[in-house]
Amino acid sequence: MNRDEEAGWPEAPGAGPLGDGRWATETLHLRTVDEVCEAVRGQAEAGRALYPQGGRTALDYGRPPGRPGAAIDVTGLNQVIDYPHADMTITIQAGATVAALRSVLGEHRQRLLIDVPQADRATLGGVYATNASGPRRFGLGRPRDQIIGVSFVTSEGVAVKGGGRVVKNVAGYDFPKLLTGSMGTLGVITQLTLKVRPLPEASALVWLRVPDAGRIDALLAAFDTSATRPVAIELLNPAASRIIGGASSVAADSWVLAVGLEDGVDSVNWQIDRLGKDFEGVDFEVFRDAGSESLWSALIEFQAAEPGPIGCVANLRPSRVAAFVGDLDPERWAVQAHAGNGVVRMQAIGEWTEDQAARAIDARRAAAVRDGGNLIVARCPTAWKDRLRVWGEPRADWALARRVKQALDPRGLMNPGRFVGDI
C-alpha cells in the first residue's frame, strides 16, 4: 500500500488528481450548468467534498485538500454566451481557456486586461478563483477590476447569478468580487461577464540594465515624478533576469528594470524618449511591438517557473520593494517584483531542506509584515506546508472570510482545507 492509500487517498480508476498527492474519489466531466447542479446536489446529499477544477494549473496552490471528495471538472463549459463587442463586454463560460478568449477578442482587436501564465491551459474560472495577475497589473488593474457579472453553483446545487452586463450592483453580496480569489470555497464558478478593452496601437518594453543595485531605489522613485505612464514596472534581480532574458533571447546577467509601455504610437514613442532623459546614463534597450512579445511572455510566465522547490509571493509598500529585494541572495532566489504594486515573486534556486526554507521564509515574512504586508508560499513540497504556513501571518479579515464561508457553504463541502484558517 502506498502512502496516499495509507492516508485514505487511493487513486480511483478514471479519477484525476486533487493536488498535493491527493486523488479524487471520481472526476465528473460536466458540460452544462444543469449537469453541474445535478452533480453537486448528488455529492452534497452524500456529504462528500467537492473540488472545482479547470485547467489544473494551480492544483498545489494553498493548503492540501481537507478530505476525500469528487473533482468537478468544468472545462466542458467553454462557450461564449454573449459578446456585444461595441459595448466592450463579454459573457463567457468559466471552462474556456484564456487563450481561447484571446482568440475570440482578437477578431475585434480587443483584449482582457489580465496577464495569465500558461494561458493555453488556464481557465477563466481558475483565473478568477485564484485571483491571478501579472506585470500589467500596475497600469491595467486586477481581475476584480475587470469582472462585472458571475454565475456559480452553490454547495446545495443551486445556480446563482450576481452582477450583469452593467457596471452596477444592488445591495447585498457583490458576488463578482466575492468569488474572485475565493479558491473554489464558495461555489463552482460557471460563467463570467468581463469588461474588455481595445488592443493598444503600440507596445514596447524598455529593458534598463542597472549595474549598481544601490541605484535601484532612486530609479524606482523617479517614476513618482515622471511624465511617463507605464503599464508595468518590473524589477528583476540577476537570477531572474537570466531566466527571463534567456527565455526571450535577451542578454541579461544584472539587475534590470523592465518598463512596459502601451498606448498610441506617438505616445509610446514620446514616453521612450522621456525615459531616455529620465534615466540618462543607464544602459537600456527598447523592444517594440512584435519584437517585445517574447519578452512580455517571459515576464508573465516567470511565476510558473520552478528553478527550485519553493515559490513565494510577498506584498508590501511599493516604497520598500527595493530594500526587500536587495536583501535576498541572488544565488538562492530568483526575484521578479511588480515594483509599482509592491508585489514580489520569489523563486528558490537549487536544493533546499525544510529547515533552510523555514528560516528563510520566516525572516522574509517578518520583513514583509513590518513593511505593511505579508508573504504567502505559492509552491512547496506538501510535507512542508504546515511549517511554512503557506497563507502567511493570520489577518483580521480571516474571521470575516469564515463567516462568509459559513453563510454560503454551511456544511464546508466546497474545496475544504485549501484556503486560510479552517476555510
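Refer to the structure printed above.
Rules and cut-offs
Residues numbered from 1 in each chain as written. Predicted model: local features only at pLDDT ≥ 70, side-chain atom pairs only at ≥ 80, totals over all residues. Heavy atoms only, no water. Helix = DSSP H or I, 4+ residues; strand = E, 2+ residues; numbered from the N terminus. Rg over C-alpha atoms; globule rule 2.2 N^0.38 Å. Buried < 20%, exposed > 50% of the residue type's maximum accessible area, 1.4 Å probe, protein only. Contact = heavy atoms within 4.5 Å. Areas by Shrake-Rupley, 256 points an atom, 1.4 Å probe, with all protein chains shown as cover. Pairing = 2+ DSSP bridges. Axes fitted to C-alpha atoms, helices over the stretch in contact; angles between N-to-C directions. Salt bridge = Lys/Arg side-chain N within 4 Å of Asp/Glu carboxyl O.

1. Regarding the overall build of the protein
Within the protein, the secondary structure is distributed over 15 helices and 20 strands. For 423 residues, the compact-globule estimate of 2.2 N^0.38 gives 22 Å, and the protein sits close to it at 22 Å. Seen through its C-alpha atoms, the protein measures out along the principal axes to roughly 70 × 55 × 40 Å. Counting over 423 residues, the protein shows a buried share of 54%. In the protein, of all internal contacts separated by at least 6 residues, the share reaching a separation of at least 24 is 71%. When the accessible surface of the protein is split by element, carbon and sulfur atoms take 49% of a total near 18300 Å².

2. A closer look at the sheet that holds strand β3 (residues 27–29)
Across the sheet, 3 strands lie side by side as β3-β5-β4; this open sheet has parallel pairing. Each end of this open sheet is capped by a strand with a single partner; those strands are β3 and β4 (49–53). Taking the axes of each pair of neighbouring strands and ignoring which way they run, one obtains an average angle of 25° across the sheet.

3. Structural notes on the sheet that holds strand β11 (residues 188–195)
Strand order in the open sheet formed by 5 strands is β6-β7-β11-β9-β10, with antiparallel pairing between adjacent strands. A strand with exactly one partner marks an edge of an open sheet, and here the two such strands are β6 (80–82) and β10 (159–163). For this sheet, the mean inter-axis angle between neighbouring strands, taken without regard to orientation, is 20°. When strand β9 (residues 147–153) meets β11, the two strands line up antiparallel, connected through 6 bridges. Bridge pairing in β11 links S151 to Q191. Strands in contact with helix α3 (residues 98–106) are β6, β7 (89–93) and β11; relative to β7, the strand with the most contacts, it is inclined by about 145°.

4. Thoughts on the pattern of salt bridges
Taken as a whole, this structure holds 19 salt bridges when the rule is applied. Between D253 and R242 there is a salt bridge, with its nearest N and O atoms 2.5 Å apart. Of this pair, D253 sits in the loop between α9 (238–247) and β15 (255–263) while R242 sits in helix α9, and the two are 11 residues apart along the sequence. A relative accessible area of 54% means that D253 is categorised as exposed. The exposure class of R242 is partly exposed, given its relative accessible area of 38%. The closest approach of N and O atoms between R389 and D362, which form a salt bridge, is 3.7 Å. Residue R389 is located in the loop between α14 (385–388) and α15 (397–408), and its partner D362 is located in helix α13 (residues 354–370); the two are separated by 27 residues in the primary sequence. R389 gets classed as partly exposed once you look at its relative accessible area, which sits at 32%.

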